[in-house]
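Residue strings, one per chain:
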Amino acid sequence: MRTGWYVFMIKVSHMSKYYGEYPAVLDISFTVKEGETVGLLGPNGAGKSTTMKVLTGFTPPTSGEVSIGGFDITKNSFDVRKMIGYLPESVPLYSDMSVIEYLQFMAKIRGMKEGIVKRVNEVIEITGLEEYRKVLIGKLSKGYRQRTGIAQSIVHKPKVLILDEPTIGIDPVQVVETRSLIQSLGGEHTLILSSHILPEVSTICKRVLVIHDGKIVADDSPEILSKRLRSTQVCEISVTKTAKLDVIKLFRSQSYVVDIRTKADSNPSYNSFIIETSSTDSVEEKISKLIIENGLGLSKLVSLPLSLEEIFLQLTTD
Amino acid sequence: MNNIITIFKKELIGYIQSPMAYVVAASFFTVTGFFFVASVSDAFSEASIRGFLAGAVFFLVFLSPALTMRLLAEEQKLGTIELLMTSPIKEFEIVLGKYLASFTIMCLMLAGTLYYPIVLFIFGIPDLGPIFTGYLGLILYSATTLSVGIFASSLSSNQLLSLVVGSGILTLLTFIDFMSSRLPGFAGTILQQFQLGGSFSIFDTSSFGLAESGHFADFARGIISIYDIFFYISLSIIFIVSTILVLESRRWK
């Protein structure tokens, strides 16, 4: 492996992270191209923050490999740290420093040598902190603390920007402002952002990774994800004696059916199918009626819980 | 090197802006003042800073950890350690920058006590040698106590806990003569080598609380012993390296 050389800006392969016996992240793999904006979406405790802590090199993965810009995060941690800007979920700041002092301090710590004063002023302007540059951080409101947190993450122009729940705990007006601020940063950096709210991710990111119970359960654009989620239901049916193709043809002709596919059944005298429908109300009734009217010999009809849907129920209700 | 200076400056400003350093300095001056006056106020008493040294050695057991308790515990409490640890800065740079800042404040505090020898020079004819070696000893001794303090501060996010742990370690090293004198033979002799400076007999006015077997005794007498210098410097290094290892261990878990 050539260090420092990369195809993907971020490459995570079979990464697991255990806290003692408890697996916070379990065997996840994904890649992120340079300049991509990716949202990690999942309910609280899904493993988003852990994934981010591993990406930033703060905690090592228990197993698997993670590289950023071609550098392994455990072996070349120092090179990785030069490339990233990070805002942890808790927005840690020194409350006894003023905004400008703090940003200059962080710029130095993050390895900037020249043009610190100019860049800090630039960042203060970008994040709309002009009025507060001399104010002690401890006296700032939550929203402005958040901006200061974002400012420190971008002050050294990192290639990769990692923001953990950047809009949590601030009022709705500031949420909108912070979102548009982050959106404007997307172009310059490879951006990874975590959230437990779907609309937030979909306004900022072009790609969403859904994490649930430490695993990636979906990887798509927000549009496709929302489409898949908008009231769909999956049913499994088993019928007797009929040719598979006829059944498929029959269901395809129904307006409420999105997709139907065969499912291998242990009992050869049945034919089983998975049906995905677009509406949720009385689907079972419609399907059973259709099967009985056509004399297909209904032997089983189960409504399957769509795991993704369950997750999104938690995601969309904030 | 630049990173050490950056951290050092930040911590130094932090000390100057927060009340802790002033409170520590005020109690240090008060307590050592009592000891100094007690040792020189008798008729025919010796014009030396021995009383001041004894007071300083004993109370730095509590005041050094009070000065350092914030340094790493607060970073862990605020979560700012996460930003430091994900920045291109090495653990030893963080620890050294902070340690040197606390050491600088300590030296300023010690400089404030030069008032006592000045008083002696005004009203008596003190011997310059023991004053010089006394201060040299104090600088080395405080460097050691601060290193124990910063180590205690790295262990948790609780400042109070780091104060108790730091003072606890230092008290143990101070009261070691209580144990070593009761341990027979070789074990007692070995234990005796760790006598930091103060003594269990702190309230015995004849010895002024400086252990005869301790590493400070010679400095107070006006003798510079390489062995004592070596002891203080190595102990400081051991605790500073331990602090660095505690921080690094976060990357191993």
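As the structure is a computational prediction, the values presented were derived from the model and not from experiment.

Quick word on the pairing of strand β1 (residues 10-19) of chain A
All names here are of chain A.
For step 1, the next point in the chain: Looking at chain direction, β1 and strand β4 (residues 63-68) are connected through five bridges and run antiparallel. Bridging from a neighbouring strand, S13 pairs with E65 of β4.
For step 2, the next point in the chain: Two elements, β1 and strand β2 (residues 22-32), share seven bridges in a ladder whose sense is antiparallel. Bridge pairing links Y19 to Y22 in β2.

Looking at the confidence of the model for chain A
For step 1, the next point in the chain: For chain A, mean pLDDT is 85; residues scoring 70 or higher make up 90% of the total.
For step 2, the next point in the chain: No element of chain A has a lower mean pLDDT than helix α11 (residues 307-316) of chain A, which averages 60, and none a higher one than helix α3 (residues 99-109) of chain A, which averages 95.

Observations regarding the environment of B:A211
All names here are of chain B.
For step 1, the next point in the chain: Residue placement: A211 occurs in the loop between α10 (185-192) and α11 (217-221).
For step 2, the next point in the chain: A tally of 25 C-beta atoms within 10 Å means that A211 is categorised as buried.
For step 3, the next point in the chain: Taking C-alpha positions, A211 is 7.7 Å from S201, a pair spaced ten residues apart along the chain.
For step 4, the next point in the chain: Among residues more than four places away in sequence, those in contact with A211 are D177, Q195, G197, G198, S199 and A217.

Focus on the sheet that holds strand β6 (residues 84-87) of chain A
Residues and elements named next belong to chain A.
For step 1, the next point in the chain: The strand order across the open sheet formed by six strands is β6-β7-β8-β3-β9-β10, and the pairing between neighbours is mixed. Each edge of the open sheet carries a strand with a single partner, namely β6 and β10 (215-220). Taken over all neighbouring pairs, the strand axes of this sheet differ in orientation by 15° on average, direction set aside.
For step 2, the next point in the chain: Two strands pair when backbone bridges link them, and strand β3 (residues 37-41) and strand β9 (residues 207-212) are joined in this way by four bridges, in the parallel orientation. Along β9, the bridge assignment pairs L40 with L209.

Quick notes on the rules
- Residues numbered from 1 in each chain as written.
- Chains lettered and ligands numbered in written order.
- Predicted model: local features only at pLDDT ≥ 70, side-chain atom pairs only at ≥ 80, totals over all residues.
- Pairing = 2+ DSSP bridges.
- Helix = DSSP H or I, 4+ residues; strand = E, 2+ residues; numbered from the N terminus.
- pLDDT = per-residue confidence, 0-100.
- Buried ≥ 20, exposed ≤ 12 C-beta atoms within 10 Å, placed from the backbone.
- Contact = placed C-beta atoms within 7 Å.
- Axes fitted to C-alpha atoms, helices over the stretch in contact; angles between N-to-C directions.

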